Amino acid sequence: MDNESYLSDESIVKLYFSRDENAIAQTDLKYGKLLHTVAYNCLNDDECAKECQNDTYLETWNRIPPECPKLLRAFLCKITRCIAINRYKQMRAKRRVPSELTVSMEDLAYTLHSGDTAGAYDAKELGRVIGDFVRSLPQKQRYIFMERYYMAGSVSDIAAALRLTESAVYKELTKIKLGLKMHLERNEIYL
Amino acid sequence: MMEDILMDAIGELDDDLVQAHLEMRQKLAADPPKRFRKWENYLAVAACLVLVVSMTLILSSVFKNDPIVKDETDLPSSDGDGGNDNDGMVPPNDGDGDIEGDTDTDGDEEDVPPEDGVDGDGVTDGSNWEDMPYNPVLPEKMPKHFQFSLVWGTYGISSYDSQTGELVKTTDATHPEDYKTILHLSRDQLEEIYALIYRLNVANYPEKYNPFPDYGSDPSYTIILSVYDGVGVKTIECREIAIPDGVFTMDAKARAFIETYRAIRDVLTESEEWKALPEYENFYD
């Protein structure tokens with residue numbers, strides 16, 4: 001991405017504050033591809049991903065102001081992921097969604113499953129504990145975790161980005177999953 | 001669902017973590033890390049050494065007029081165990097030509113039992129059965145000469161060959177010979193195993209198969225199932241796959257294969273012969 005040809009995040013946020021519709025065009029220009037990737041990895045459907053992208057712009061338009069995101073890119077990604085996951089849950093009620101999100105989450109759930117009765121956990125609290133774990137990871141593992149489980153990226157893409165073999169990425173994922181399981185158990189969280 | 005809990009929780013990660021990741025992502029896209037930089041140097045040095053050694057050997061053989069490598073049969077197998085390296089089924093009567101040499105064209109092979117390893121013409125056929133893909137559609141009734149072998153475990157340390165009856169609990173031991181025994185399956189047990197293999201429909205599986213392509217594990221797992229139906233050997237070889245007990249797959253074909261493997265393994269490991277073998281020295285799983 002060539003940052004020179006795009007408006008800065010601050011300028012885009014200012015456009016939202018001044019209710020200038022160019023804000024959406026500039027957001028799409030700068031982050032459209034990224035947001036599409038996030039949605040597509042969850043849904044494995046190009047049309048649905050585009051709809052999620054548009055819903056993200058609408059949601060952003062409605063939330064800024066009053067909100068004033070300091071990290072616009074993360075703010076947008078979170079919205080897209082949230083919208084895509086809500087849509088994913090609707091789609092999954094009808095049939096299994098053959099997306100990377102499905103594979104990665106089933107895999108993670110399988111490893112983290114403790115076999116006991118799972119407790120009820122608040123997503124925010126669990127997110128905080130997982131966040132602590134992610135912060136403790138070395139840079140490479142942190143990248144792999146975020147790319148696989150937050151962005152729902154494929155193992156082959158992760159391997160290509162890090163110039164690793166897929167087998168090496170799987171090995172790292174196994175270490176990460178087992179590490180997370182131990183971390184959750186240390187925090188008395190049994191899924 | 002647990003997946004939902006995890007999806008929602010991961011969605012709650014702090015913005016700074018997400019932002020840092022997105023920045024790293026952008027950086028990697030613009031400037032991907034160079035792969036194996038150190039290795040490349042070592043590799044270049046190793047390649048030069050190999051070249052020098054090869055040239056020396058070639059030149060010395062030219063001047064001495066002496067072949068560098070004698071007959072291939074003089075060479076020991078690469079793993080040093082004389083070739084019996086658990087890498088699949090030793091075909092029934094292997095080496096005496098029963099399998100590879102006696103496929104006749106009238107299709108009645110199954111009705112004519114091979115006699116003590118001698119072909120119709122009494123000559124051993126030297127063709128390699130492993131080179132010939134064989135995809136049998138098995139009959140429902142167990143063929144008269146049905147045999148099978150199974151290699152399983154972490155790195156394929158356990159094996160059974162119904163032809164020889166050799167049952168190996170592990171090859172990973174100070175005294176591997178202590179972990180070998182002979183198990184002759186009863187007709188009922190063999191029929192039970194054949195029924196499992198028949199239901200699996202081995203013709204549906206490739207010779208190299210990974211039931212869990214989305215998973216990996218360290219150490220890896222090996223399953224090699226070979227089936228001899230009286231005509232040829234079908235082998236399904238799963239090497240360097242994830243440990244089956246630690247993964248989950250929605251693929252019905254993969255599940256059927258793993259369930260069949262487990263059922264056969266259970267028949268073997270529930271035998272008195274297996275139980276009489278000593279405990280493992282090393283555990284990978």
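The model shown is predicted, which means the values in this text are computed figures rather than measured ones.

A. Looking closely at the packing of helix H4 (residues 72–94) of chain A against helix H1 (residues 2–11) of chain B. Between H4 of chain A and H1 of chain B, the shortest axis-to-axis distance is 10 Å and the interhelical angle comes to 170°. Taken together, the axes of H4 of chain A and H1 of chain B lie roughly antiparallel to each other. When H4 of chain A is examined against H1 of chain B, the residues Lys 78, Arg 81, Ile 85, Tyr 88, Lys 89 and Arg 92 of chain A are found in contact with a partner set consisting of Asp 4, Met 7, Asp 8, Ile 10 and Gly 11 of chain B. Its residues assigned to classes, the contact of H4 of chain A with H1 of chain B comprises four nonpolar, one polar and six charged.

B. A look at the state of the cysteines. Tallying each qualifying case throughout the model produces zero disulfides over all chains. Left unpaired, Cys 42 of chain A is separated from the closest cysteine sulfur, that of Cys 52 of chain A, by 7.9 Å.

C. View of the nonpolar core. Of all hydrophobic cores here, the largest spans 73 residues; its most connected members are Ile 130, Phe 145 and Leu 184 of chain A together with Ile 10 of chain B. Here this core takes eleven residues from H4 of chain A, the largest share from any one element. Ignoring any residue separated from it by four or fewer positions in sequence, one finds Ile 10 of chain B in contact with Arg 81, Met 105, Leu 108, Ile 130, Phe 145, Tyr 149 and Tyr 150 of chain A. Leu 167, Cys 238, Ile 243 and Val 267 of chain B belong to the second-largest nonpolar core, a separate cluster that totals 39 residues.

D. The arrangement of the sheet that holds strand E4 (residues 180–182) of chain B in detail. Residues and elements named next belong to chain B. Overall, antiparallel pairing links the six strands, which are arranged E4-E3-E2-E1-E5-E6 in an open sheet. Because the sheet does not close on itself, it has two edges, and the strands there are E4 and strand E6 (233–241). For this sheet, the mean angle separating the axes of adjacent strands, direction not counted, is 10°. In this sheet, E6 lies alongside strand E5 (residues 221–228) in antiparallel orientation, the contact comprising seven bridges. Considered in E6, the bridge of Tyr 221 is made with Ile 241. The sheet strands contacting helix H6 (residues 252–269) are strand E1 (147–154), strand E2 (158–161), strand E3 (166–168), E5 and E6, and the helix crosses E1 at an angle near 95°.

What counts and what doesn't
Residues numbered from 1 in each chain as written. Chains lettered and ligands numbered in written order. Predicted model: local features only at pLDDT ≥ 70, side-chain atom pairs only at ≥ 80, totals over all residues. Heavy atoms only, no water. Axes fitted to C-alpha atoms, helices over the stretch in contact; angles between N-to-C directions. Helix = DSSP H or I, 4+ residues; strand = E, 2+ residues; numbered from the N terminus. Parallel < 35°, antiparallel > 145°, perpendicular 65-115°, else oblique. Contact = heavy atoms within 4.5 Å. Nonpolar A, V, L, I, M, F, W, Y, C, P; charged D, E, K, R; others polar. Disulfide = S-S within 2.5 Å. Core = buried A, V, L, I, M, F, W, Y, C linked by side-chain atoms within 4.5 Å. Buried < 20%, exposed > 50% of the residue type's maximum accessible area, 1.4 Å probe, protein only. Pairing = 2+ DSSP bridges.

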